[in-house]
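Residue-level structural notes
Okay, here's what each chain looks like letter by letter:
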Amino acid sequence: MSSLSSFFSSFLPTAHADAPPPEVEAHKEEVTPDEPEEGAEGGEAEEEEEEEPEDILPALREECEESAKCKTATEHFRHCEEKVNAGNGYQHEDCIEELCVMMHCVDGCVAPKLFAKLK
């Protein structure tokens, strides 16, 4: 087996999971995130601190779940979920079909609203 590994190691470089050299660790200690590097512009720091906009998708989904168009599918899924969680359903019953029907309706409702707000 060692002859096979030596054969392959002659063609392919070997990488070892050793600790990085001490020089690299010392350099990491010198630069701290609190201290800006020399030559760094103030505009770059402001860009990093910008907050990401709030995700509106969960609110739109909840709104569409309760809309008249999807309300029956949502109620059917919730009823199935309650029945299965209570142990009153068939053996190995899940509510995948009901979930897919509800999500198809909700996604169809959400898509135009979401893309209108993203423009």
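Look above for the structure.
Residues numbered from 1 in each chain as written. Predicted model: local features only at pLDDT ≥ 70, side-chain atom pairs only at ≥ 80, totals over all residues. Heavy atoms only, no water.

1. Description of the nonpolar core
Counting 13 residues, the largest nonpolar core has C64, C70, M102, V106 and V110 as its most contacted members. Looking at this core, the elements with two or more residues in it are α4 (57–65), α5 (71–86) and α6 (96–118). Per-element accounting of this core gives the leading share, 6 residues, to α6. If near-sequence neighbours (up to four positions away) are discounted, V110 is found in contact with L57, L60, R61 and C64. (Core = buried A, V, L, I, M, F, W, Y, C linked by side-chain atoms within 4.5 Å. Buried < 20%, exposed > 50% of the residue type's maximum accessible area, 1.4 Å probe, protein only. Helix = DSSP H or I, 4+ residues; strand = E, 2+ residues; numbered from the N terminus. Contact = heavy atoms within 4.5 Å.)

2. A look at the packing of α4 against α6
Closest axis-to-axis distance for the α4/α6 pair is 9 Å, and the angle between their directions is 130°. Put simply, α4 runs oblique to α6. Where α4 crosses over α6, the handedness of that crossing is right-handed. Contacts between α4 and α6 pair L57, L60, R61, E63, C64 and E65 from the former with M102, M103, V106, D107, C109, V110, K113, L114 and K117 from the latter. Taken together, the residues that form the contact of α4 with α6 break down as 9 nonpolar, no polar and 6 charged. (Axes fitted to C-alpha atoms, helices over the stretch in contact; angles between N-to-C directions. Parallel < 35°, antiparallel > 145°, perpendicular 65-115°, else oblique. Left-handed = near helix turned anticlockwise from the far one by under 90°. Nonpolar A, V, L, I, M, F, W, Y, C, P; charged D, E, K, R; others polar.)

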